[in-house]
Every structure is written in C-alpha cells, then in structure tokens.
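Spelled out from the first residue to the last, the chains are:
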Amino acid sequence: SPPSSGALTSSANRTLDALEARIAAKSKEEDKNRSRGSSKAPSYEARLTRKLNKDRPQSRSHSQGSAESFEERYKRRAGEGSVNSSPPSSGALTSSANRTLDALEARI
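Since this is a predicted model, take the numbers as computed values, not measurements.

Enquirer: Explain the overall build of the protein residue by residue, including any values.
Expert: For the protein, the count of helices and strands is three helices and zero strands. Along the protein, from the amino end to the carboxyl end, the secondary structure elements read α-α-α. Split into buried and exposed, the 108 residues of the protein put 0% on the buried side. Put simply, the protein shows about 9900 Å² of open surface, and 56% of that area lies on carbon and sulfur atoms.

Enquirer: If you had to explain the packing of aromatic side chains to someone new, which residues and values would you point to?
Expert: Summed over the entire model, instances satisfying the criterion amount to one aromatic pair. When the ring of Phe-70 is compared with that of Tyr-74, the centres are 6.2 Å apart and the planes differ by 20°; the resulting orientation is stacked. A residue pair is termed a helical-turn pair when its members lie 3 or 4 positions apart in one helix, as Phe-70 and Tyr-74 do in helix H2 (residues 44-84) at four residues. Under the relative-accessibility criterion, Tyr-74 is labelled exposed at 53%.

Enquirer: Provide a residue-level description of a nonpolar patch on the surface, including the pertinent values.
Expert: Together, Tyr-44, Leu-48 and Leu-52 line one region of the surface with nonpolar side chains, adding up to about 310 Å² of accessible area. Within the element layout of this structure, Leu-48 appears in helix H2. The partly exposed category is assigned to Leu-48, whose relative accessible area is 39%.

Enquirer: I'd like a description of the confidence of the model for the protein, backed by residues and values.
Expert: Close inspection of predicted coordinates is inappropriate in any region flagged by low pLDDT. Mean pLDDT over the protein works out to 76, with 67% of the residues at or above the 70 mark. Taken element by element, the predicted model of the protein shows its lowest mean pLDDT in H2 (73) and its highest in helix H1 (residues 5-37) (84).

Reading the values: rules and limits
Residues numbered from 1 in each chain as written. Predicted model: local features only at pLDDT ≥ 70, side-chain atom pairs only at ≥ 80, totals over all residues. Heavy atoms only, no water. Helix = DSSP H or I, 4+ residues; strand = E, 2+ residues; numbered from the N terminus. Buried < 20%, exposed > 50% of the residue type's maximum accessible area, 1.4 Å probe, protein only. Areas by Shrake-Rupley, 256 points an atom, 1.4 Å probe, with all protein chains shown as cover. Phe/Tyr/Trp six-rings, centres within 6.5 Å; stacked < 30°, edge-to-face > 60°. Patch = residues over 30% accessible without salt bridge, like charges linked within 9 Å, V, L, I, M, F, W, Y side chains within 5 Å. Salt bridge = Lys/Arg side-chain N within 4 Å of Asp/Glu carboxyl O. pLDDT = per-residue confidence, 0-100.

Take a look at the structure:
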C-alpha cells in the first residue's frame, strides 16, 4: 500500500531540513574563506582588469591587420565575383520550391 501523506510530509521535511543544513554549512564555510582570503587573492574585478590590459595590445594590432586583409580580399573578389558568378534563375528556384512543397504535402 502507498505510504500515508503524513509519512510523505515527514520524509519531505527531513529532506528539506538536511538540504537547509547543508546550505547553511556551505555558506558559513564560504564566509570563513572569504574573510580569511580576502587580503591574499585579487578580486574578480582586479583579475579581469589585469587580463584585459594584458590582452589589449595584441588584439588591437590583430584586428587592424585582419581589417586590412579583409578590405584587400573584398576588393579583389568584388572585381572578379560579378563576372564569374550568376544567381540561379528564378525558374530553377520556383521548381525547387514547388518540389519541396509537394514533398511536404505528400508527407501530410
């Protein structure tokens, strides 16, 4: 027979109490570590600022280099791309769309 609702409530309360106790203990431990280690470890903001300052010169020169090469590639492709590639005809697109629609209708 299934357990009574009183037994379920009691079990749920014990589980909840255990979880709350674990959370409280974890919180106390974090508070102790925070107060003990606050002078030793740099703050998140300090670490982030240091990392950003360290990476800044590289990323700036890299982005300028890639921008120049992008412009060169763009100009080269713009000159040759319009001659070499032509878009598919609208008739081909329409027949492809019709075939897809027919296949979907057949599945339904």
